[in-house]
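# Per-entry structural report
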Amino acid sequence: MPQYYVNHEDFFNPSHNHEVHKSTCSYKSNNSSYLGEYSNAVPAVAKARRDYYSDADGCATCCPEAHKE
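A few points on the structure. Since this is a predicted model, take the numbers as computed values, not measurements.

This next bit is on the sheet that holds strand E2 (residues 19-22). Pairing in this open sheet of 4 strands is mixed, and the strands run E3-E1-E2-E4 from one edge to the other. Both outer strands of the open sheet, strand E3 (32-37) and strand E4 (57-58), are each paired with one neighbouring strand and no more. The pairing of strand E1 (residues 3-7) with E3 spans 5 bridges and is antiparallel. Note on E3: the bridge partner recorded for Tyr4 is Gly36.

Here the focus is the pattern of salt bridges. Inspection of the entire model under this criterion finds 2 salt bridges. With a closest N to O distance of 2.7 Å, Asp51 and Lys47 form a salt bridge. Here Asp51 pairs with Lys47, and both are found in helix H1 (residues 41-51), just 4 residues apart, close to one helical turn. What emerges from the salt-bridge pattern is a single network uniting Lys47, Arg50 and Asp51.

The full count for this structure, using the stated rule, is 3 aromatic pairs. Here the aromatic rings of Tyr4 and Tyr38 are separated by 6.2 Å at their centres, their planes lie at 50°, and the arrangement is tilted. You can see Tyr4 sitting in strand E1 and its partner Tyr38 sitting in the loop between E3 and H1, a full 34 residues away along the chain. Comparing Tyr4 with Tyr38 shows no difference in burial state: the two are buried. On the numbers, 6.4 Å between centres and 35° between planes, the contact of Tyr52 with Tyr53 is tilted. Over the face of the ring belonging to Tyr5 we find Lys28, whose NZ or CZ atom lies 4.5 Å from the ring centre.

Taking burial as the measure, the 5 residues of E1 include 4 buried ones, the bulk of the element. Pairing analysis gives 3 bridges linking E1 to E2, with the strands arranged antiparallel. Each residue of the ladder has a partner; that of Tyr4, found in E2, is Lys22.

Calculation notes
Residues numbered from 1 in each chain as written. Predicted model: local features only at pLDDT ≥ 70, side-chain atom pairs only at ≥ 80, totals over all residues. Heavy atoms only, no water. Pairing = 2+ DSSP bridges. Helix = DSSP H or I, 4+ residues; strand = E, 2+ residues; numbered from the N terminus. Salt bridge = Lys/Arg side-chain N within 4 Å of Asp/Glu carboxyl O. Phe/Tyr/Trp six-rings, centres within 6.5 Å; stacked < 30°, edge-to-face > 60°. Buried < 20%, exposed > 50% of the residue type's maximum accessible area, 1.4 Å probe, protein only. Lys NZ or Arg CZ within 6 Å of the ring centre and 35° of its normal.

Shape is all these values report; function is a separate question.
Structure representation (structure tokens):
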């Protein structure tokens, strides 16, 4: 299963939110926190919103199923 991370920076994307990425995504920052392994990004984004940032969103590139903004 894919591993997911939430970026701590919010200035690398147009909406300035904290993005969730798969471990293999080129947009994943080194300054990020591990969220866990999930079958898709929806529960990973939910965990990021609950435990880290209320504005967390899925990366449009690697997590399109959880991308809202």
